[in-house]
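Summary of structural features
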Amino acid sequence: MAFVDVNDDGKPDLVAISASGTLGKLIIYPNIGTPGNARFGDPVIHLVPGIFAAGRIIVADMDNDGREDIVSSTTSSSGKVGIFKNTGSITSLPFSVIFLSFSYMNDLAIGDINGDGKLEIIVAAEGVTSSGNTGIVVLANHSIPGSLSFSAVNLAMSVAPSAVHLADLNQDFRPELIVAKKNLPEVVIHRNPGLATIDVGSFNMSAGSEVKPAIISWVLALIY
């Protein structure tokens, strides 16, 4: 679940996504609270086909229109990224839905990787690259206010990624890609060279370029 102002009244509403089979539900609890009195109204439920099982939810303004949108992953074997565009209404369907399908999706992160002021979506997935390999999928953001648009760039890896994170680790104002490898006690960092165009060179993915923080790998080795 997440909190987001759906109806532009300045109050964060409670939003949740649930699913049964291939039919999902977008559930909104409108915030009707007053100072000193936290309250949520009766849920407004919208049916959303195509959601298999809701996973991680991230709230962010994906098209720079001043409203926070919802990006949601799924945890099923036909993983999807659902991008729910906030249009400022609760009673009518408040989110336009864009589904981007993958084979298996393990995690996602959001960040501006090329410095154009638009947030990309980073997906840790399996069996998604053009060659059928496991890898990272970068959903390059071409959106303009009021209209969502993304294109996929596939970054192959030899081992499936189980988790992804973006953070500026060397203070160059560009987020690095941090990846935990599935079923291995290993975390690797891929440097961001700061390319304006998002492509296979946006992060240096070659095995020899990986930075492996020793202390993190040591801690993970104790866990496994």
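To keep things clear, this report deals only with the structure shown in the data block. Nothing here was measured: the structure is a model prediction, and the numbers come from that model.

What counts and what doesn't
Residues numbered from 1 in each chain as written. Predicted model: local features only at pLDDT ≥ 70, side-chain atom pairs only at ≥ 80, totals over all residues. Heavy atoms only, no water. Helix = DSSP H or I, 4+ residues; strand = E, 2+ residues; numbered from the N terminus. Phe/Tyr/Trp six-rings, centres within 6.5 Å; stacked < 30°, edge-to-face > 60°. Buried < 20%, exposed > 50% of the residue type's maximum accessible area, 1.4 Å probe, protein only. Patch = residues over 30% accessible without salt bridge, like charges linked within 9 Å, V, L, I, M, F, W, Y side chains within 5 Å. Areas by Shrake-Rupley, 256 points an atom, 1.4 Å probe, with all protein chains shown as cover. Salt bridge = Lys/Arg side-chain N within 4 Å of Asp/Glu carboxyl O. Pairing = 2+ DSSP bridges. Axes fitted to C-alpha atoms, helices over the stretch in contact; angles between N-to-C directions.

Residue position: Ala 167 is located in strand S13 (residues 161–167). For the pair Ala 167 and Ile 178, spaced 11 residues apart in sequence, the C-alpha separation works out to 7.6 Å.

Our focus in this paragraph is the packing of aromatic side chains. Counted by the stated rule, this structure contains 1 aromatic pair. Ring centres of Phe 3 and Phe 40 lie 6.3 Å apart, and the angle between their planes is 45 degrees; this geometry places the pair in the tilted category. Remark: Phe 40 occurs in the loop between strand S3 (23–29) and strand S4 (44–49) and Phe 3 occurs in strand S1 (residues 2–4); sequence separation between them is 37 residues. By relative accessible area, Phe 40 is classed as partly exposed at 38%.

A few words now on a nonpolar patch on the surface. Residues Leu 23, Ile 45 and Leu 47 make up a contiguous nonpolar surface patch of roughly 280 Å² in combined accessible area. In this structure, Leu 47 sits in strand S4. Exposure remark for Leu 47: the relative accessible area of 55% places this residue in the exposed category.

What follows concerns the sheet that holds strand S15 (residues 187–190). In a beta sheet, neighbouring strands are held together by backbone hydrogen bonds and run either parallel or antiparallel to one another. One open sheet holds the 3 strands; their spatial order is S13-S14-S15, and the pairing between them is antiparallel. This sheet does not close on itself; its edge strands, each paired only once, are S13 and S15. With strand direction ignored, the average angle separating the axes of adjacent strands in the sheet is 20 degrees. Sheet topology note: the S13/strand S14 (residues 176–181) ladder contains 6 bridges and is antiparallel. Paired with Ala 163 across the strands is Ala 180, a residue of S14.

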